[in-house]
Amino acid sequence: MESRFIKALIKWNKDPSKFPVNEWMRDIVVNYGEIKDKTFYGDTWTVLVRITRHIDDTWDTYADVAFIVDEAPWQLLVIGYSFNLWAGKDIAVVTII
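These numbers were taken from a predicted model, which means no experiment stands behind them.

(A) Examining the overall build of the protein chain more closely. Counting secondary structure elements, the protein chain contains zero helices and six strands. For a compact globule of 97 residues, the expected C-alpha radius of gyration is about 13 Å, and the protein chain comes in at 13 Å, within 12% of that figure. Considered along the principal axes of its C-alpha atoms, the protein chain spans approximately 40 × 30 × 25 Å. Buried residues in the protein chain amount to 35% of all 97 residues.

Have a look at this one:
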């Protein structure tokens, strides 16, 4: 897995200063689908996030992101693609760089 990750810019909805740097965070998911009547329809994939650098005077960070299984939609992780990270609620927007 170590060689199979994608570089990203993450715009956090909360201060990421307490998150570890250069360590994989494992309890984050990506939801591909939609919510109707409080029910989620679609796929959910666990995504690993490793913050590599904080951007001064912002909550933004550079990071590596990776799915944990081969069946996940790796083909979507191309430059410019964005998705939300979810950990009980939307916590950030990831853009592949």
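(B) Representation of the environment of Ser17 within the structure. Tracing the backbone through its elements, the reader meets Ser17 in the loop between strand 1 (6-12) and strand 2 (25-36). The class of Ser17 is partly exposed, set by a relative accessible area of 49%. In sequence terms Ser17 and Leu85 are 68 residues apart; their C-alpha atoms lie 17 Å from each other.

(C) Spatial organisation of the packing of aromatic side chains. Per the counting criterion, the structure on display carries four aromatic pairs. One residue, Arg4, lies across the ring of Trp74, its end atom 4.0 Å from the ring centre. Sitting above the plane of the Phe5 ring, Arg50 keeps its charged end 5.0 Å from the centroid.

(D) Quick peek at the pattern of salt bridges. Throughout the structure, instances matching the rule amount to four salt bridges. In this structure, Asp70 engages Arg4 in a salt bridge whose closest nitrogen and oxygen atoms are separated by 2.6 Å. Of this pair, Asp70 sits in the loop between strand 4 (60-67) and strand 5 (82-86) while Arg4 is found in the segment before strand 1, placing the two residues 66 residues apart along the sequence. A salt bridge links Asp60 to Lys11; the shortest N-O distance between them is 3.3 Å. In this pair, Asp60 sits in strand 4 while Lys11 sits in strand 1, placing the two residues 49 residues apart along the sequence. With relative accessibility at 17%, the residue Asp60 sits in the buried group. Beyond isolated ion pairs, a larger network of salt bridges with shared partners links Lys7, Arg50 and Asp64.

(E) How the structure looks around unusual backbone geometry. At Asn22, a residue that is not glycine, the phi angle is positive and equals roughly 65°. Notably, Asp57 is not glycine yet its phi reads approximately 60°, a positive angle. Position of Asp57 relative to the elements: it lies in the loop between strand 3 (39-54) and strand 4. In this structure Asp57 comes out as exposed when scored by relative accessible area, which is 85%.

Here is what the cut-offs are and how they apply
Residues numbered from 1 in each chain as written. Predicted model: local features only at pLDDT ≥ 70, side-chain atom pairs only at ≥ 80, totals over all residues. Heavy atoms only, no water. Helix = DSSP H or I, 4+ residues; strand = E, 2+ residues; numbered from the N terminus. Rg over C-alpha atoms; globule rule 2.2 N^0.38 Å. Buried < 20%, exposed > 50% of the residue type's maximum accessible area, 1.4 Å probe, protein only. Phe/Tyr/Trp six-rings, centres within 6.5 Å; stacked < 30°, edge-to-face > 60°. Lys NZ or Arg CZ within 6 Å of the ring centre and 35° of its normal. Salt bridge = Lys/Arg side-chain N within 4 Å of Asp/Glu carboxyl O.

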